[in-house]
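So you can see what is in the structure, the chains are spelled out below.
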Amino acid sequence: MNYHDEFNNSKDNPEAFWKDKSTDLKWFKPPQKILSQDEYGIHHWFSDGEMNTAYMALDYHVDNGRADQAALIYDSPVSGIKQTFTYRELRDEVALCAGMLKDLDVIKGDRVIIYMPMIPQAAIAMLACARIGAIHSVVFGGFAAPELAIRIDDATPKVILSASCGIEIKRCIEYKPLLDKAIKIASHAPNHCVIYQHKLAKASMHPPRDIDWQEALSKSEPVDCTPVKGSDLLYILYTSGTTGKPKGVVRENGGHAVAMKYSMKAIYDMNPGDVFWAASDVGWVVGHSYIIYAPLLHGCTTILYEGKPIMTPDAGAFWRVVEEYKVKALFTAPTAFRAIKKEDPQAALANKYDLSSLESLFSAGERLDPPTYEWLCDTFKLPVIDHWWQTETGWAISANMRGIEKMPVKAGSSTVPCPGYTIEILGEDGKKLSANQQGNIAVKLPLPPSCLTTIWEDMPRFKAEYLETYPGYYVSGDGGYLDDDGYLFVMGRVDDVINVAGHRLSTGGMEEIIGKHEAIAECAVVGRNDDLKGQIPVGFVVLKNGIKDSEKDIIKALMLLVREEIGAVASFKEAYVVKRLPKTRSGKILRKTIRQIFNGETFSMPSTIEDPTSLQEIENLMSRP
Ligand code: COA
Ligand code: AMP
């Protein structure tokens, strides 16, 4: 089979194609309806199949010869712990944790928020929810209390699972005070919070709401898998949109399991028993898909790494893990590769390790910039594969389908559309553009399995933001082009979303926070290109008249505000006071032009600009030493 045949099969007869892929998994009752549409016209895959994702990922393997194979390896340079769970051990831990949730009256369809550091209990908690058909919503540990509160109010969880603390390199981050603060801010109150007491910090508890994880677990009994429908939700994962309100991307069990399983071979060329490592965080979609679900559904060994690419203890950390566990494929974000390259440009640390198990390097989260790509190729002499995807899809939209056909790589391209995705480049008027013309990257409906079917409890927003711009298409929010060979080049977001060290953030959300400060009349936040983090936010603020505080103090206060409201991951460390923001005559802030100026790109003076001197002010800031 070559790529083009595989792709054409998926395009010409999607139902037969995905039905065939679904048979690689063990369903309780195989689906009869392969593709159906609901009353809103939204497509769902495998809606009437009966299954359980945790069963497919764990019990199935225990019953079919993998009971004693390593399922999950926890490697934590920050706490000095290494721990291996076989499939049987992981299944048993998950069944017990599911029992604990059941004791707290969590049933199918209930939401459970998981706000935890990268410890095995986070993975166990996710799979335990899946086991009883509860819908988990993992909130990245780097988010501050107000961000957590927004998610608590939107998902209305019955229970929140958390830990006393996490470790950031050498710093102990206490989660419990953040959780308490979030619950105080939120309108919705969970019935219970179950707190895993980390040995580094003991959380103060508020009984009867708060429950000690270890104590509760010691009293619970393992429970079996609850059958769910293919269209029942496995999880909600919040991601940044253009406003401060994140979008609850929903994932259905059936389509997700099928796409995960398919992608492990088709994209990553993994076989059951292989060791796969996604160096990410369970708080992000990469962590959901490729630390937890896909490797386990495929019978691989996965690695949960609690550390950084550098500093834990050095830039050789990733290669130490590769050697130690004989990793076959490593997947991480370009920012992590850039951090390693900066610290260890000659690969002196990497050369200390035996990397012979490693067959390929995968990158996603932002475009793999050609210099980093070249460095990886020259240094490791391995295939380096960029692939493009989003929280919304749960798996790659375009990739080099290495398990089907190893296609030549082009630097700066995420190769070709994955089977199931008909990608077209559309102009602003919705017309299809020809090869090499840059425009909006859109995917023809229906989307393949695993892609979102709505935004949690907000169908109008789902339709408005993704489906109504170009009827018949899903708009990705990214811009780019297809070349003459059908290779996709993703060039960046066309909206106000930025990507900071692989973390997707909303500049609009930051503006909402900055705008709340009493000294600020108006503001704009844009992404500035950054050699390490890809992008970093830069703020431009106009002060109200009569403000007495110094500009320096105000800027400092704004940085603190963003850190407290969103979290340190926002990396909001650069802002300027300006006399006025560049705007059109109708009052629209010219963010794109500001961004172009700040990134040293060529720009044309918008004909609709209200006051050209406002742009001059930004240019002057740029040329300031
Ligand atoms: N909990 C609490 N705080 C966190 C956190 C977490 N889970 N993750 C990050 N932070 C904090 C950091 O401590 C840092 O705080 P500081 O400003 O007080 O120093 C801040 O958020 C920014 O962190 P980060 O973006 O990680 O930058 P960094 O300069 O500390 O490290 C890299 C740079 C490149 C090493 C790091 O960003 C990295 O490992 N990136 C990979 C990201 C990734 O895998 N993304 C997944 C997408 S596939
Ligand atoms: P997230 O939903 O956090 O995974 O972020 C998705 C966004 O990250 C996409 O819409 C892109 O803007 C960007 N992105 C992810 N992978 C790539 C890639 N390989 N090339 C270019 N941009 C990417």
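Here's a quick rundown of the structure. Everything numeric in this text was worked out from a predicted model, so none of it was measured.

Within the structure, ligand 2 sits among 15 residues, and Asp386, Thr391, Asp478, Arg493 and Arg504 are positioned closest to it. Contacts to ligand 2 include glycine 365, whose backbone N or O atom sits 3.0 Å from a nitrogen atom. A distance of 2.8 Å separates a nitrogen atom of ligand 2 from a polar backbone atom of histidine 387. When ligand 2 is considered free in solution it has 490 Å² of accessible area, and contact with the protein chains removes 93% of it. When residues of the shell around ligand 2 are traced back to their parent elements, those giving at least two are β21 (388-389) and β27 (488-493).

What follows concerns the site of ligand 1. If you check the shell around ligand 1, you find 24 residues, and the closest are Glu168, Arg171, Pro309, Lys533 and Arg563. In this structure, lysine 308 approaches ligand 1 through a side-chain N or O atom, which is 3.2 Å from an oxygen atom. Between arginine 563 and ligand 1, the recorded distance is 2.7 Å, taken from a side-chain N or O atom to an oxygen atom. For ligand 1, the accessible surface in isolation is 940 Å², of which the surrounding protein chains cover 84%. For the shell around ligand 1, the elements supplying multiple residues, two or more each, are β10 (171-174) and α12 (334-343). Here the shell around ligand 1 is built from residues that sort into eleven nonpolar, seven polar and six charged.

What the seven strands build is an open sheet, ordered β5-β4-β17-β16-β18-β19-β20; its pairing is mixed. Looking along the sheet, the strands with just one partner apiece sit at the ends: β5 (81-86) and β20 (384-386). Each neighbouring strand pair of the sheet contributes to a mean axis angle of 20°, computed without reference to strand direction. Where strand β16 (residues 275-278) meets strand β17 (residues 301-305), two bridges bridge the pair, whose relative direction is parallel. Residue pairing across strands places valine 275 opposite threonine 301, the latter belonging to β17. Contacting β4 (70-76), β5 and β17, helix α5 (residues 120-132) runs over the sheet at an angle of about 30° to β5.

A cis amide bond, omega 0°, links proline 207 with the succeeding residue proline 208. When you line up the elements, proline 208 lands in the loop between β11 (192-196) and β12 (210-212). In the segment running from leucine 445 into proline 446, the intervening peptide bond is cis, with an omega of 0°. By the element assignment, proline 446 lies in the loop between β25 (439-444) and α14 (459-467). We note that phenylalanine 46 has phi near 55°; this positive angle belongs to a residue other than glycine. The topology assignment puts phenylalanine 46 in the loop between β2 (43-45) and β3 (50-51).

Here helix α17 (residues 591-598) has its buried residues at Thr593, Ile594, Gln596, Ile597 and Phe598. Glycine 600, located one to two residues past α17, shows a positive phi value of around 65°.

Under the definition given, this model contains 39 salt bridges. Across the salt bridge formed by glutamate 511 and arginine 591, the nearest N and O atoms sit 2.7 Å from each other. Of this pair, glutamate 511 sits in helix α15 (residues 507-515) while arginine 591 sits in helix α17, and the two are 80 residues apart along the sequence.

To continue, consider the sheet that holds strand β24 (residues 423-426). Here we have four strands laid out as an open sheet, ordered β24-β25-β26-β27, and antiparallel in their pairing. Looking at the sheet topology across the chains shown, the edges are occupied by β24 and β27. Neighbouring strand axes in the sheet, compared pairwise and without regard to direction, differ in orientation by 50° on average. With five bridges joining them, strand β26 (residues 473-482) and β27 adopt antiparallel strand pairing.

Regarding helix α2 (residues 14-22), the residues found buried are Phe17, Trp18, Lys21 and Ser22. Within α2, the buried residues cover an arc of 135° as seen down the axis, which keeps them to one side. Those residues of α2 hidden inside the fold are in contact with α1 (3-12), β2 and α9 (253-266).

Among the ten residues in β26, nine count as buried, and that is most of the element. Pairing of β25 with β26 involves five bridges; the strand directions are antiparallel. Each bridged residue has a counterpart across the sheet, and for glycine 439 the counterpart in β26 is glycine 480.

A word on the packing of α9 against helix α10 (residues 285-297). One can describe the packing of α9 onto α10 by two numbers: an axis separation of 8 Å at closest approach and a directional angle of 85°. Between α9 and α10, the interaxial angle falls into the category roughly perpendicular. Along its contact with α9, which presents His256, Ala257, Met260, Lys261, Ser263 and Met264, the element α10 presents Ser289, Tyr290, Tyr293, Ala294, Pro295 and Leu297. The class makeup of the residues in the contact of α9 with α10 is eight nonpolar, three polar and one charged.

Bringing the nonpolar core into the picture now. Grouped together as the largest cluster of nonpolar side chains are 122 residues, with contacts concentrated most on Leu90, Leu161, Trp213, Tyr290, Tyr293, Phe331 and Trp395. Among the elements that make up this core, the one with the highest residue count is α5 (ten residues). Core analysis: the second largest hydrophobic core is formed by 48 residues, Phe143, Trp456, Met510 and Ile520 among them.

Parameters and conventions
- Residues numbered from 1 in each chain as written.
- Chains lettered and ligands numbered in written order.
- Predicted model: local features only at pLDDT ≥ 70, side-chain atom pairs only at ≥ 80, totals over all residues.
- Heavy atoms only, no water.
- Near = heavy atom within 4 Å.
- Polar contact = N/O pair within 3.5 Å; in protein donor to acceptor, adjacent residues only side chain to side chain.
- Areas by Shrake-Rupley, 256 points an atom, 1.4 Å probe, with all protein chains shown as cover.
- Helix = DSSP H or I, 4+ residues; strand = E, 2+ residues; numbered from the N terminus.
- Nonpolar A, V, L, I, M, F, W, Y, C, P; charged D, E, K, R; others polar.
- Pairing = 2+ DSSP bridges.
- Axes fitted to C-alpha atoms, helices over the stretch in contact; angles between N-to-C directions.
- Contact = heavy atoms within 4.5 Å.
- Buried < 20%, exposed > 50% of the residue type's maximum accessible area, 1.4 Å probe, protein only.
- Salt bridge = Lys/Arg side-chain N within 4 Å of Asp/Glu carboxyl O.
- Arc of directions from axis to C-beta.
- Parallel < 35°, antiparallel > 145°, perpendicular 65-115°, else oblique.
- Core = buried A, V, L, I, M, F, W, Y, C linked by side-chain atoms within 4.5 Å.

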